[in-house]
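Coordinates in review
Okay, here's what each chain looks like letter by letter:
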Amino acid sequence: AQSVTQLDSQVPVFEEAPVELRCNYSSSVSVYLFWYVQYPNQGLQLLLKYLSGSTLVKGINGFEAEFNKSQTSFHLRKPSVHISDTAEYFCAVSGQGGSEKLVFGKGTKLTVNP
Amino acid sequence: DAGVIQSPRHEVTEMGQEVTLRCKPISGHNSLFWYRQTMMRGLELLIYFNNNVPIDDSGMPEDRFSAKMPNASFSTLKIQPSEPRDSAVYFCASTVGLAGRETQYFGPGTRLLVL
């Protein structure tokens, strides 16, 4: 079984500052990794995902994440955030075994202040 | 193209009443997932279907919860009888295929309050 730990429940930053949201996972098998974003009163939508290949993954809205197998991490980064990035961000993992379900972390609430 | 459609968007009911939540997946998607989101427990997978067949219902909290998918374009999640601790946001998501690599597309959720 897989598990995900998002180390920060809340991250406040100022507009145009860089941000990193941390995610660590645990799994006994190879994994797929995802970041989803949830804006207030909406469902989740995919930001980016790592399936294989290059460990640096670029997603929508200027976000990117790096898969680090040795550290079992998949941290999300953005070099300069906007007010509109205020949302909750979820890291998720699934095993590569076939009919594997997604396991989500508890989420990190990013608040971008002017 | 319409996304995942859920109804109702909000539901307020009294303890002991039956609640039915509805979901229409994206056309062409053959996997459907029901999640529950609370502050305390985060996002939990309740059940998922592939080709209208339940694959894993290990997340369903207890016998008061049941889910059906009578055809490829409709699913229901029923709670009977409802209890205050069932208050949460319930999301439906759909995707193509079943392998964990696929992107899931979420509906807007149903916010349930049980008094």
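Here, the structure is the one placed above.
First, a word on scope: everything that follows refers to the structure included in this document.

Definitions and limits used
Residues numbered from 1 in each chain as written. Chains lettered and ligands numbered in written order. Predicted model: local features only at pLDDT ≥ 70, side-chain atom pairs only at ≥ 80, totals over all residues. Heavy atoms only, no water. Contact = heavy atoms within 4.5 Å. Buried area = accessible area lost by both parts, 1.4 Å probe. Salt bridge = Lys/Arg side-chain N within 4 Å of Asp/Glu carboxyl O. Helix = DSSP H or I, 4+ residues; strand = E, 2+ residues; numbered from the N terminus. Nonpolar A, V, L, I, M, F, W, Y, C, P; charged D, E, K, R; others polar. Buried < 20%, exposed > 50% of the residue type's maximum accessible area, 1.4 Å probe, protein only.

Brief notes about the interface of chain A and chain B
Tallying the contact residues gives 20 residues for chain A and 23 residues for chain B. Buried area between chain A and chain B, summed over both chains or domains, comes out near 1,700 Å², and the portion from carbon and sulfur atoms is 50%. Contact with chain B buries surface across chain A, with A:L44, A:K101 and A:F104 losing the most and accounting together for 27% of the total. The interface formed by chain A and chain B includes 1 salt bridge. With its nearest N and O atoms 2.9 Å apart, the salt bridge here joins A:K101 to B:D56. When residues of the side of chain A that touches chain B are assigned to their parent elements, the largest contribution, 4 residues, is made by strand 5 (residues 31-38) of chain A. Of the residues belonging to the side of chain A that touches chain B, the class tally is 9 nonpolar, 7 polar and 4 charged.

Examining the pattern of salt bridges
In the structure shown here, the tally under the stated rule is 14 salt bridges over all chains. Between A:K58 and A:E64 there is a salt bridge, and its shortest N-O distance comes to 2.8 Å. A relative accessible area of 61% means that A:K58 is categorised as exposed. Linking A:D85 and A:K78 is a salt bridge whose minimum nitrogen-to-oxygen distance equals 2.8 Å. Each of the two residues, A:D85 as well as A:K78, counts as buried. In the salt-bridge network here, residues are joined through shared partners; they are B:E62, B:R64, B:E83, B:R85 and B:D86.

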